Amino acid sequence: MTKVTVLGTGLMGAGMARSLARAGEQVTVWNRSPDKALPLADAGATVAEDPAAAVSGAEVVMTMLFDADAVEQVMTQALPAMRDDAVWIQSATVGLDGTARLARLADRNDIGFIDAPVLGTRQPAEQGKLIVLAAGPTSLRQRVTPVFDAIGARTVWVGEHPGHGHRLKLAANSWVLSVTGATAQGIALTRQLGLDPALFLEAISGGPLDCDYAQLKGNAMIVGDFAPAFTLGGAVKDSALIVQALQAAGCDDRLMKALNAQFEDGAQAGLGGEDMSAVVRVFS
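Residues numbered from 1 in each chain as written. Predicted model: local features only at pLDDT ≥ 70, side-chain atom pairs only at ≥ 80, totals over all residues. Heavy atoms only, no water.

Undergrad: Help me understand the packing of aromatic side chains, please; the structure alone is not making it clear to me.
TA: Counted under the stated rule, the structure contains 2 aromatic pairs. Aromatic side chains Trp88 and Phe113 sit 5.0 Å apart centroid to centroid with 90° between the ring planes, which places their arrangement in the edge-to-face category. With a gap of 25 residues between them, Trp88 in strand β5 (residues 87–90) and Phe113 in strand β6 (residues 112–115) connect regions that are remote in the sequence. Overall, Trp88 belongs to the buried group, its relative accessible area being 0%. The side chain of Lys237 reaches across the aromatic face of Phe66, ending 4.9 Å from its centre. (Phe/Tyr/Trp six-rings, centres within 6.5 Å; stacked < 30°, edge-to-face > 60°. Helix = DSSP H or I, 4+ residues; strand = E, 2+ residues; numbered from the N terminus. Buried < 20%, exposed > 50% of the residue type's maximum accessible area, 1.4 Å probe, protein only. Lys NZ or Arg CZ within 6 Å of the ring centre and 35° of its normal.)

If you want it as structure tokens, here you go:
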């Protein structure tokens, strides 16, 4: 049994905490909005009142907050209360600069740091079927393996340096966001041309252009089911981080800039808390 603290129990963090508890780990949770953490008590987690109390005694601390600023603010409170031998797993998508900043914060506090963003949305988080993209010292891997085994279907060790996990995460998310945007465009165009938009999904079904994700998001777009699994607000943030990474790498950023503008328009229309598939409304 590993003593694990999860800081941030939104769509992803709550599911990850449930998976950890189901695996028999000793779980403590904290969230800025207590109402999002309290239901986890029914799953066997201890709900802490503040970050410092949450991490006290924990062997592993996992952050799953919205962005780098939120993580830094919370961990500035938490780090002084952590055990000297504790490991910090940073799983929020915070970008390359954000990861470097948080790794320096861990170094200043002499705490082991693992850069471990995940691939997957709410349902895989709840089922323990995420894909963990991890980077960190080999000496820390055995200590975090039970945590990754509980939350994920598999772990991809990308490298030993913080930021390597995030590099792969941003590349993968560039594909996820592109598929979502392209599907929204296909659905909207089919509908606006006077056809049943389901015909678009039928046309690509089973062929080389098809994928489960396009079918999942496309059907949600058609019926207007935007219950959040990956919020549109999160898509705004992540697409902006991908633009920054593209620019830093010397890659053309025009496609991701266009997608970011589409997601931003959706957020400005009040859809930020909906699933990112709600971006289809921007096209119509």
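Undergrad: What is the right way to look at the pairing of β6 in this model?
TA: The side chains of a regular strand alternate between the sheet's two faces. For β5 and β6, the ladder comprises 4 bridges, and the chain directions are parallel. Across the sheet, residue Gln90 finds its bridge partner in β6, namely Asp115. Between β5 and its parallel partner β6, the chain crosses via helix α4 (residues 95–108), and the hand of that crossover is right-handed. (Pairing = 2+ DSSP bridges. Right-handed = clockwise from strand over helix to strand, strands pointing away.)

Undergrad: Is there a simple way to think about the environment of Arg104 in this case?
TA: Relative to the helices and strands, Arg104 resides in helix α4. With 58 residues separating them in the primary sequence, Arg104 and Pro162 have C-alpha atoms 9.9 Å apart.

Undergrad: Would you mind going over unusual backbone geometry with me for this structure?
TA: Excluding glycine, residues mostly carry a negative phi; peptide bonds, for their part, are mostly trans. Residues other than glycine seldom take positive phi values, yet Asp110 does so here, at roughly 55°. Its place among the elements puts Asp110 in the loop between α4 and β6. For Asp110, a relative accessible area of 64% gives the class exposed.

Undergrad: When you look at the pairing of strand β2 (residues 26–30) in this model, what are you seeing that I'm missing?
TA: Burial within β2 is extensive, with 4 of its 5 residues counted as buried. Sheet topology places strand β1 (residues 3–7) next to β2; 5 bridges connect them, and they run parallel. Pairing of Leu7 across the sheet is with Trp30, part of β2. In this fold, the crossover linking β1 to β2 by way of helix α1 (residues 11–22) has right-handed handedness. Pairing geometry for β2 and strand β3 (residues 46–47), over 2 bridges, is parallel. Considered in β3, the bridge of Thr28 is made with Thr46.

Undergrad: Which parts of the structure should I look at to understand the nonpolar core?
TA: Most often, soluble globular proteins keep nonpolar side chains buried together rather than apart. With 31 residues, the main nonpolar core has Met16, Ile89, Ile114 and Phe148 as its most contacted residues. Broken down by secondary-structure element, the contributors of at least two residues to this core are β1, α1, β2, β4 (60–63), β5, β8 (130–135) and α6 (138–151). With near-sequence residues (within four places) excluded, Ile89 lies in contact with Val60, Val61, Met62, Thr63, Ile114, Ala116, Val144, Val147 and Phe148. Residues Leu170, Val179, Leu241 and Val280 belong to the second largest nonpolar core, which totals 29 residues. (Core = buried A, V, L, I, M, F, W, Y, C linked by side-chain atoms within 4.5 Å. Contact = heavy atoms within 4.5 Å.)

Undergrad: Any chance you could explain the pattern of salt bridges here in plain terms?
TA: Under the definition given, this model contains 7 salt bridges. Residue Glu72 is joined to Arg101 by a salt bridge in which the shortest nitrogen-to-oxygen separation is 2.5 Å. With Glu72 in helix α3 (residues 68–78) and Arg101 in helix α4, this pair connects stretches of sequence that are 29 residues apart. Taking the relative accessible area as the measure of exposure, Glu72 reaches 22% and is therefore partly exposed. Residue Arg101 is classed as partly exposed on the basis of its relative accessible area, which comes to 27%. Residues Lys257 and Asp253 are paired through a salt bridge, measuring 3.6 Å at the closest nitrogen-oxygen approach. Lys257 sits in the partly exposed class, given a relative accessible area of 44%. (Salt bridge = Lys/Arg side-chain N within 4 Å of Asp/Glu carboxyl O.)

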